[in-house]
Amino acid sequence: MKEFINKKLQKFFAEDIFPQKEERIQYQEEKEILLTFSLMFNDLKDIILLNDLFVESCKKPEEKEISVHAGEYGGIRLHILRLYIGTLYEVCNYMTKKISMIESSYIQSFIQKTNEDTQSTWKHILLILQKNTRKKNFSDIPQEVLWVRDLVEIIRDVRNNTSFHYQTNKRLVEGYRKFFFQDNLSDEKRYAYRSINHSKVLESRHYYADAAIQGYLEKYFGKDDSVDIQLKRCLRLSSKMMQAINNVLEQYHKTIRQQ
């Protein structure tokens, strides 16, 4: 069985992160943000590990393969992408709402102690989130980080319609029609598939629902932009954010008594 390998455990007094009693403490809101940052890091890491474990343990289907395995594999990969997008959206949305506190002297004191690359990442991410909120132009954003802006915008739309909001069923129907009737009307797209095992529900799947999600995502990512490519784009943004968050938390933890 696989075991997870992290660096050596470090111990801190729990009281030093947040006191037991419900009382106002110095820099309380900033410390709440730092606690949330730690959860963001864990959540982003979990999806990366989930994807890696899935890829390592499951055989990749042949291109254009139509089978139970191919349908299950493709559907799960789409779900992982949706989880990725949903989590990234929540991270970006939270940071947008907390920009003023992230720019406070307390949190900035930790950012300024990180390396140059981390400081640059924080600067660009916050600038992009600010401009996205205020609908300003991005002329002063370096070309190499413009992809973050585009991905943030895509994440917002796709998350709102496919990640966690089942009530937006019109978008699902739109994706279904796009996949089966509007693009590349090949003979195999005449058929919608499902597998049913009434005694073992985990051996059942409604593949046409995954196809509807794929059709909707193609609206934003393009038909030739595969799930693998989009996962890599999300991984790139996640890795940058995780490193930036982790480096700030490292500086913060240096102020806490370690046992």
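Residues numbered from 1 in each chain as written. Predicted model: local features only at pLDDT ≥ 70, side-chain atom pairs only at ≥ 80, totals over all residues. Heavy atoms only, no water.

Visitor: Provide a residue-level description of the pattern of salt bridges, including the pertinent values.
Guide: According to the stated counting rule, one finds five salt bridges in the structure shown. The salt bridge involving Asp 117 is made with Lys 240; its shortest N-O contact spans 3.6 Å. Separated by 123 residues along the polypeptide, Asp 117 in helix α6 (residues 116-134) and Lys 240 in helix α10 (residues 227-253) bring together distant segments of the chain. On the accessibility criterion, Asp 117 (48% relative accessible area) is partly exposed. Measuring nitrogen to oxygen at the nearest pair gives 2.7 Å for the salt bridge that ties Asp 210 to Arg 205. A residue is classified by how much of its surface remains accessible, and Asp 210, at 15% relative accessible area, is buried. (Salt bridge = Lys/Arg side-chain N within 4 Å of Asp/Glu carboxyl O. Helix = DSSP H or I, 4+ residues; strand = E, 2+ residues; numbered from the N terminus. Buried < 20%, exposed > 50% of the residue type's maximum accessible area, 1.4 Å probe, protein only.)

Visitor: With reference to specific residues and values, describe the packing of aromatic side chains.
Guide: Tallied over the entire structure, the rule returns nine aromatic pairs. With 4.9 Å between their ring centres and 80° between their planes, Phe 179 and Phe 180 make a pair best called edge-to-face. Taking relative accessible area as the criterion, Phe 180 reaches 7% and is therefore assigned buried. Aromatic ring contacts, followed pair by pair, group Tyr 27, Tyr 106, Phe 110 and Tyr 252 into a single cluster. (Phe/Tyr/Trp six-rings, centres within 6.5 Å; stacked < 30°, edge-to-face > 60°.)

Visitor: Can you explain the layout of surface pockets? Please cite residues and give values.
Guide: What the largest pocket holds in volume is close to 1,500 Å³. Around the largest pocket, the lining comprises 42 residues; the ones closest to its centre are Lys 64, Glu 65, Gly 74, Phe 179 and Gln 214. Looking at the lining of the largest pocket, the elements that each hand over two or more residues are α3 (68-97), α8 (169-182), α9 (207-221) and α10. It is α3 that contributes the most residues to the lining of the largest pocket, nine residues altogether. Looking at the lining of the largest pocket residue by residue, the classes come out as 17 nonpolar, 11 polar and 14 charged. Computed from the structure, the second largest pocket encloses a volume of approximately 600 Å³. Along the walls of the second largest pocket sit 16 residues, with Gln 10, Phe 41, Asn 42, Asn 246 and His 253 positioned nearest its centre. Of all the secondary-structure elements, those providing two or more residues to the lining of the second largest pocket are α2 (28-57) and α10. The dominant element in the lining of the second largest pocket, judged by the number of residues it contributes, is α10, at five residues. (1 Å grid on protein atoms, 1.4 Å probe; cavity = no way out; pocket = protein on both sides within 12 Å on 5 of 7 lines; lining within 4 Å. Points joined across faces, edges and corners; volume = space filled by probe spheres on them. Nonpolar A, V, L, I, M, F, W, Y, C, P; charged D, E, K, R; others polar.)

Visitor: I'd love a proper account of the packing of α8 against α9, names of residues and values included.
Guide: It is the contact of α8 with α9, at a shortest axis distance of 7 Å, that shows an interaxial angle of 90°. The orientation of α8 with respect to α9, classified from their angle, is roughly perpendicular. Residue-level contacts link Arg 171, Leu 172, Glu 174, Gly 175, Tyr 176, Lys 178, Phe 179 and Phe 180 of α8 to Tyr 208, Ala 211, Ala 212, Ile 213, Gln 214, Gly 215, Tyr 216, Glu 218 and Lys 219 of α9. Taken together, the residues that form the contact of α8 with α9 break down as nine nonpolar, three polar and five charged. (Axes fitted to C-alpha atoms, helices over the stretch in contact; angles between N-to-C directions. Parallel < 35°, antiparallel > 145°, perpendicular 65-115°, else oblique. Contact = heavy atoms within 4.5 Å.)

Visitor: Could you give an account of unusual backbone geometry, naming the residues involved and the relevant values?
Guide: Of note in the backbone geometry, Tyr 27 takes a positive phi value of approximately 60° without being a glycine. Summarising the element assignment, Tyr 27 is placed in the loop between α1 (14-17) and α2. The class of Tyr 27 is partly exposed, set by a relative accessible area of 36%. Positive phi is not limited to glycine here, since Lys 64 has a value of about 65°. Secondary-structure assignment places Lys 64 in the loop between α2 and α3.

Visitor: Which residues make up the side chain of Ser 104, and what values do they have?
Guide: Looking at the element boundaries, Ser 104 is found in the loop between α4 (99-102) and α5 (105-111). Note on Ser 104: relative accessible area 13%, which makes it buried. A distance of 2.6 Å separates a polar side-chain atom of Ser 104 from the backbone oxygen of Met 101. (Polar contact = N/O pair within 3.5 Å; in protein donor to acceptor, adjacent residues only side chain to side chain.)

Visitor: Requested: an account of the environment of Ser 226, with residues and values cited.
Guide: Examined against the element boundaries, Ser 226 turns out to sit in the loop between α9 and α10. C-alpha of Ser 226 to C-alpha of Gln 214: the two residues are 12 residues apart in sequence and 9.6 Å apart in space.

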